[in-house]
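Next come the chains, spelled out residue by residue.
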Amino acid sequence: MTAASIVRNARRSAGLTQAELARRLGVAQPVVARLETRAANPTVETLDRTLRATGHRLSLATEPHAPSVDESLIRKHLELSPADRVRRLEQMVHEGQKFAAAGVRARGKRR
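Residues numbered from 1 in each chain as written. Predicted model: local features only at pLDDT ≥ 70, side-chain atom pairs only at ≥ 80, totals over all residues. Heavy atoms only, no water.

Visitor: Break down the packing of helix H2 (residues 18-25) against helix H4 (residues 44-53) for me, citing the residues and quoting the values.
Guide: At a minimum axis distance of 9 Å, the contact between H2 and H4 shows a crossing angle of 110°. Considering their axes alone, H2 and H4 lie roughly perpendicular with respect to each other. When the axes of H2 and H4 are compared, the crossing they make is right-handed. Contacts between H2 and H4 involve Leu 21, Arg 24 and Leu 25 from the first element and Arg 49, Thr 50 and Ala 53 from the second. (Axes fitted to C-alpha atoms, helices over the stretch in contact; angles between N-to-C directions. Helix = DSSP H or I, 4+ residues; strand = E, 2+ residues; numbered from the N terminus. Parallel < 35°, antiparallel > 145°, perpendicular 65-115°, else oblique. Left-handed = near helix turned anticlockwise from the far one by under 90°. Contact = heavy atoms within 4.5 Å.)

This is how it looks when you write it as structure tokens:
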């Protein structure tokens, strides 16, 4: 979720217009409009102050990083010699070609 969508959603759920939120913040309406653009990059302090003006509060949380790839597989492949890595890649390409050919055959049988 972007800062802009957080501000916009909080303002709307509070039933405020941009002008009303601007008055609460002591700024001009275009400042609030800018906060609601995708290019907005407010400080945490500005975001918190804006949310408080809508009756919300900013809550930040951290989570442990879970890699999206199996790093042990990467380490395992890096232990291979370059020639072995190329050989494995060629095997993977060959297997992919076999899968693609099977797909073509399967589509042909359904017609």
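Visitor: I'd like a description of the confidence of the model for the chain, backed by residues and values.
Guide: Overall, the predicted model of the chain reaches an average pLDDT of 93, with 98% of residues at or above 70. Element-level pLDDT for the chain is lowest in helix H5 (residues 71-78), with a mean of 88, against a maximum mean of 98 in H2. (pLDDT = per-residue confidence, 0-100.)

Visitor: So what's going on with the side chain of Glu 36? Which residues, and what values?
Guide: Within the secondary structure layout, Glu 36 lies in the loop between helix H3 (29-35) and H4. Taking relative accessible area as the criterion, Glu 36 reaches 7% and is therefore assigned buried. A polar side-chain atom of Glu 36 sits 2.5 Å from a polar atom in the side chain of Arg 11. (Buried < 20%, exposed > 50% of the residue type's maximum accessible area, 1.4 Å probe, protein only. Polar contact = N/O pair within 3.5 Å; in protein donor to acceptor, adjacent residues only side chain to side chain.)

Visitor: Can you tell me about the environment of Ala 3, naming the residues and giving the values?
Guide: Among the secondary structure elements, Ala 3 is positioned in helix H1 (residues 3-13). Considered as a pair, Ala 3 and Thr 43 are 40 residues apart in the sequence and their alpha carbons are 9.6 Å apart. Setting aside residues no more than four positions away along its own chain, Ala 3 makes contact with Leu 35, Pro 42 and Leu 47.

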